[in-house]
Amino acid sequence: MEENKKTEVNTEVKNTEVKTEGRRNDNRNRKFDKKRPRNNNRPNKPKSDLEDKVIEIKRVTKVVKGGRQFRFAATVVVGNRKGLVGLGTGKAKEMPDAVKKATQAASKNLIKVDLIDNRTISHDIIVKEGAVRVILKPAKEGTGLVAGGAARAVLELAGVKDVVSKSLASNTKVNVAKATLEALKSQRTAEHVAELRGKKVEEL
């Protein structure tokens, strides 16, 4: 009798094990068979119209107790050629990561530039940044972009088409770009000046 009871108990245990294994297999198959329904009602993310240009990429070295650590430093300017422009820098162990960081930083620091007829600046200006001095002068229609290096990249992406630029003293690319950006940021149209003074444009 005891042997019969043991065999019955063993068969019940085996049956329960087979059932549980079958359930596990079914659940696994169900997980793989299930497909998430596509939500077509999600709004599409608007594509950014910002362009980016790499001004400078250099390798920087940090001397520590264990030796030297090498990283890449990138400077990137972004803009939409319609009055929006920004400058950013980034560092990383790999060059693409440094450029990506710089682009993200530049996209967060966009400024609005006041342009005359969507082609030139409103007045002459001289800006100093570090040991760099940058001169910007408005030009007639058809003159083009008389600038070079980092200043040209900033002016192009800002949407300036007719301007004369000159960089004096040092020619450090980062400082030239910063000085050019500050010069564009400091531009004031006649309407803006009249509004600040509480007068009409004709009274200026």
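One can find the structure itself at the top, above this paragraph.
Since the structure is predicted, the reported quantities are computational estimates derived from the model, not experimental observations.

What counts as what
Residues numbered from 1 in each chain as written. Predicted model: local features only at pLDDT ≥ 70, side-chain atom pairs only at ≥ 80, totals over all residues. Heavy atoms only, no water. Phe/Tyr/Trp six-rings, centres within 6.5 Å; stacked < 30°, edge-to-face > 60°. Lys NZ or Arg CZ within 6 Å of the ring centre and 35° of its normal. Patch = residues over 30% accessible without salt bridge, like charges linked within 9 Å, V, L, I, M, F, W, Y side chains within 5 Å. Areas by Shrake-Rupley, 256 points an atom, 1.4 Å probe, with all protein chains shown as cover. Salt bridge = Lys/Arg side-chain N within 4 Å of Asp/Glu carboxyl O. Helix = DSSP H or I, 4+ residues; strand = E, 2+ residues; numbered from the N terminus. Buried < 20%, exposed > 50% of the residue type's maximum accessible area, 1.4 Å probe, protein only. Expected span 1.5 Å × (residues − 1). Arc of directions from axis to C-beta. Pairing = 2+ DSSP bridges.

Participant: Would you mind showing me how to read the packing of aromatic side chains here?
Facilitator: To describe a pair of aromatic rings, you give the distance between the ring centres and the angle between the ring planes. Considering all chains together, one arrives at zero aromatic pairs under this definition. The lysine or arginine in question, Arg59, covers the ring of Phe70, its NZ or CZ lying 4.4 Å from the ring centre.

Participant: Even after reading the chapter, I still don't get a nonpolar patch on the surface, so can you show me in this structure?
Facilitator: Taken together, the side chains of Val54, Ile57 and Met95 define a hydrophobic patch exposed on the protein surface, amounting to about 230 Å² of accessible area. Along the chain, Ile57 turns up in strand 1 (residues 51–64). Assessed through its relative accessible area of 35%, Ile57 is described here as partly exposed.

Participant: Would you explain the environment of Leu145 in this entry?
Facilitator: Note on placement: Leu145 falls in strand 7 (residues 145–146). Residue classification places Leu145 among the buried positions, given a relative accessible area of 16%. Between the C-alpha atom of Leu145 and that of Val160, which follows or precedes it by 15 residues, the distance is 7.5 Å.

Participant: Sorry, what's going on with helix 2 (residues 95–108) here?
Facilitator: Along an α-helix, residues three or four positions apart point the same way, because every turn accommodates 3.6 residues. Its 14 residues place the ends of helix 2 20 Å apart at the C-alpha level, agreeing with the 20 Å of an ideal helix rising 1.5 Å per residue. Within helix 2 the residues assigned to the buried category are Ala98, Val99, Ala102, Thr103 and Ala106. The buried residues of helix 2 all sit within an arc of 135 degrees when viewed along its axis, so they share a single face. Turned more than 90 degrees away from the buried face of helix 2 sit Pro96, Lys100 and Lys108, all of them exposed.

Participant: Just checking my understanding: could you explain the pairing of strand 6 (residues 132–138) for this structure?
Facilitator: Regular strands show a simple pattern: their side chains alternate between the two faces of the sheet. Across five bridges, the pairing between strand 5 (residues 125–129) and strand 6 is antiparallel. Bridge pairing links Glu129 to Val132 in strand 6. Hairpin remark: strand 5 followed by strand 6, antiparallel, with two residues in the connecting loop; positive phi at Gly130, about 65 degrees. Where strand 6 meets strand 8 (residues 163–169), seven bridges bridge the pair, whose relative direction is antiparallel. Pairing of Val132 across the sheet is with Ala169, part of strand 8.

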